[in-house]
Structure formats: C-alpha cells, structure tokens
Amino acid sequence: MRVEIHGHRGARGLWPENTLPGMSRTMELGVHALELDVALTADRRLVLTHDLTVSAVTSADRRPITAGDPLFPYVGKPINALTLAQLRTLDVGVRLPRHPDDPFALTQVPMPETRMPTLGAVLGLVNAYEAEGVRLHVELKSDPTRPELTPDPELFTELVVEELDRHGRLGNAAILSFDWRIVSQAARLAPDTRRFALIELDTLHWHDDLGDDIPAAARAAGATTLSPEHVMVDEALMAQANAAGLDVAVWTVNEAALAARMLDLGVAGIVTDYPDRMRELWRERGLELPTPVGPLKPVGV
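Residues numbered from 1 in each chain as written. Predicted model: local features only at pLDDT ≥ 70, side-chain atom pairs only at ≥ 80, totals over all residues. Heavy atoms only, no water.

## Some points on the layout of surface pockets
Moving on, step 1. Considering only enclosed or pocket space, the largest pocket measures out at about 480 Å³ in volume.
Moving on, step 2. Along the walls of the largest pocket sit 27 residues, with His50, Glu139, Lys141, Phe178 and Glu200 positioned nearest its centre.
Moving on, step 3. Elements represented by at least two residues in the lining of the largest pocket include exactly β2 (33–40), β4 (135–140) and β6 (194–199).
Moving on, step 4. Of all the elements, β4 adds the most residues to the lining of the largest pocket, at three residues.
Moving on, step 5. When the residues that make up the lining of the largest pocket are grouped by side-chain class, the tally is nine nonpolar, nine polar and nine charged. (1 Å grid on protein atoms, 1.4 Å probe; cavity = no way out; pocket = protein on both sides within 12 Å on 5 of 7 lines; lining within 4 Å. Points joined across faces, edges and corners; volume = space filled by probe spheres on them. Helix = DSSP H or I, 4+ residues; strand = E, 2+ residues; numbered from the N terminus. Nonpolar A, V, L, I, M, F, W, Y, C, P; charged D, E, K, R; others polar.)

## Description of the pattern of salt bridges
Moving on, step 1. Counted according to the given criterion, the structure contains 19 salt bridges.
Moving on, step 2. Measuring nitrogen to oxygen at the nearest pair gives 3.8 Å for the salt bridge that ties Arg169 to Glu132. On the criterion of sequence distance, the pair formed by Arg169 in the loop between α4 (153–166) and β5 (173–177) and Glu132 in the loop between α3 (119–128) and β4 is long-range, its members being 37 residues apart.
Moving on, step 3. By relative accessible area, Arg169 is classed as buried at 1%.
Moving on, step 4. For Glu132, a relative accessible area of 55% corresponds to the exposed category.
Moving on, step 5. The salt bridge involving Glu163 is made with Arg166; its shortest N-O contact spans 2.0 Å. A residue pair is termed a helical-turn pair when its members lie 3 or 4 positions apart in one helix, as Glu163 and Arg166 do in helix α4 at three residues. (Salt bridge = Lys/Arg side-chain N within 4 Å of Asp/Glu carboxyl O. Buried < 20%, exposed > 50% of the residue type's maximum accessible area, 1.4 Å probe, protein only.)

## Quick word on the environment of Arg88
Moving on, step 1. Among the structural elements, Arg88 can be located in the loop between α2 (84–87) and α3.
Moving on, step 2. Residue classification places Arg88 among the partly exposed residues on the basis of a relative accessible area of 38%.
Moving on, step 3. Separated by 112 residues in the primary sequence, Arg88 and Glu200 place their C-alpha atoms 31 Å from one another.

Rendered as structure tokens:
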C-alpha cells in the first residue's frame with residue numbers, strides 16, 4: 001500500500017518554511033512530495049510565500065533596497081506591490097520571538113539571513129539533487145474575495161505552468177489552490193499534471209453550488225485530487241471522493257494519532273509540518289517510506 005508523505009512548506013515544523021535550505025533538508029530527510037506556496041510580485045516574478053502580504057511571523061525587514069524607498073518597511077505590504085529585489089532584502093529564516101504562542105518557533109531550527117526564493121530557484125535546486133522521486137506540489141496563493149491582492153488566475157497559472165515546463169517538471173508536479181478557478185485553468189493548460197482542489201471550512205463560501213457533494217464539485221472544476229482540512233475528513237467524504245474518482249490528501253496533520261485515523265479512513269496522502277514524525281508512523285505500519293535524497297555533492301566530485 002502506498003500512502004504519501006507531503007512536506008508542508010518544506011517541513012515547517014523543522015526548518016524555515018518556503019526556503020531553499022528548508023527544501024534541501026526536507027528532501028534529505030525523505031518525503032514523497034514537497035509542498036510550497038507561490039505568489040506573484042509587482043514585477044511578475046514567482047516567489048515562495050504563504051501570504052499575500054509580507055508576514056510578520058516569517059519575515060523581518062533588514063534594509064530598504066534603496067535609501068528612502070517609500071514602501072519600506074516591507075513587512076505588512078502586499079506581495080504584488082513589491083518587486084523581487086525588495087522582497088529579497090527580507091530575512092525569512094527566523095520565526096520572530098514576538099510571537100511566543102507560535103508552536104513552530106519551539107521546534108524550527110533558525111537559519112538567519114535566509115532569503116525569499118523564486119519558484120525557478122527551487123526547481124533548479126530539486127533538479128540539482130536529481131530528485132526525480134520527489135514531486136513538487138505548487139500551491140498558487142489566490143483569494144477571489146481580495147482581488148486587489150490576487151493576480152489574474154489565468155495569467156498566474158500560465159506563469160507557473162511555463163516555469164514548471166522550463167525546468168522539465170510538468171510531469172512530476174502538482175498544481176494546488178483553494179481558488180478553483182486556478183484548478184480549472186490548470187486542467188486546460190496542463191491536462192497531464194495533477195491538480196489538487198484545496199478546501200477548508202473557512203473558504204467554503206468561495207465556491208458556488210458546492211451542494212452536498214464536495215468531491216463531485218471538485219472533479220467538475222478539473223481536480224484530480226481533493227485536499228481537505230483534516231476536520232472535514234470522515235467516512236462520508238471518503239465515500240464521495242471514491243465515487244468521484246478522486247484521491248484524498250489531507251492537511252495539515254502533525255500528530256501520529258490523528259495521522260493514524262486518517263490512514264484508517266483511506267487517505268492517499270498526508271500533508272505535514274513534521275515529516276520525521278510521519279516517517280516513524282510509516283515504519284510502524286510497514287508502509288512504503290520515501291527515499292531520502294542527496295546530500296548534494298561538491299562541484300567536481
């Protein structure tokens with residue numbers, strides 16, 4: 001039986017999320033898939049970030065890109081109002097101590113002076129590792145209720161598909177979004193690439209005519225996999241997903257007991273901030289473990 005471990009934002013519980021060093025270490029630990037988030041900058045660059053505005057939890061200002069930059073400080077500003085150069089001045093390697101209730105601050109290894117990477121940089125990193133066994137799960141951050149912060153879904157999807165194709169990754173990737181307009185665009189632009197319809201209780205109102213069968217609605221939108229918040233997963237949802245022909249990848253599951261319940265329900269993938277914990281559970285259950293990748297060899301070796 002193959003059930004997959006998907007590293008959430010790399011492995012947010014262990015290393016800084018959506019960063020190159022975090023992705024490197026997650027691949028070396030061993031996951032079936034690396035999940036990451038992308039947004040679009042003012043100069044139409046694809047960068048890794050979970051939020052549509054610069055997060056004060058994961059980002060810290062260091063300096064303006066030029067003296068007197070009127071947009072500085074950048075923390076709190078919309079991603080789509082800032083250029084890649086401005087965003088690259090941020091330190092995204094330390095979760096800030098002014099958030100003492102943040103559970104990941106207790107378990108995440110700080111990596112000061114880490115910079116926000118582009119999607120292309122991550123794809124280059126994965127290719128450098130020759131990590132053919134690791135799928136890239138690219139979540140496009142889009143909120144239809146906040147159009148001022150959100151790129152055009154068609155353009156956004158086109159740019160991501162083009163970048164994946166440029167790096168030879170369309171066949172070993174998945175496109176994810178809570179905004180199912182993007183799922184539909186991905187079905188049109190990259191019909192052979194997996195497409196995950198993300199869903200949670202807080203964003204159900206984004207979708208018209210969901211009815212009583214969310215998996216059927218996701219399938220109609222172009223999804224190949226349903227990816228629900230774990231509180232939504234029960235026997236009824238699993239039965240509907242099976243009837244719709246969709247696998248279920250549940251998020252975000254960090255405790256072994258909850259993961260065990262999800263496995264018993266028949267999910268095909270578990271998205272987790274702690275792939276190390278899931279690997280222990282996989283060993284206990286005799287499930288197929290993802291093979292660690294790397295580490296990278298020095299140049300010339």
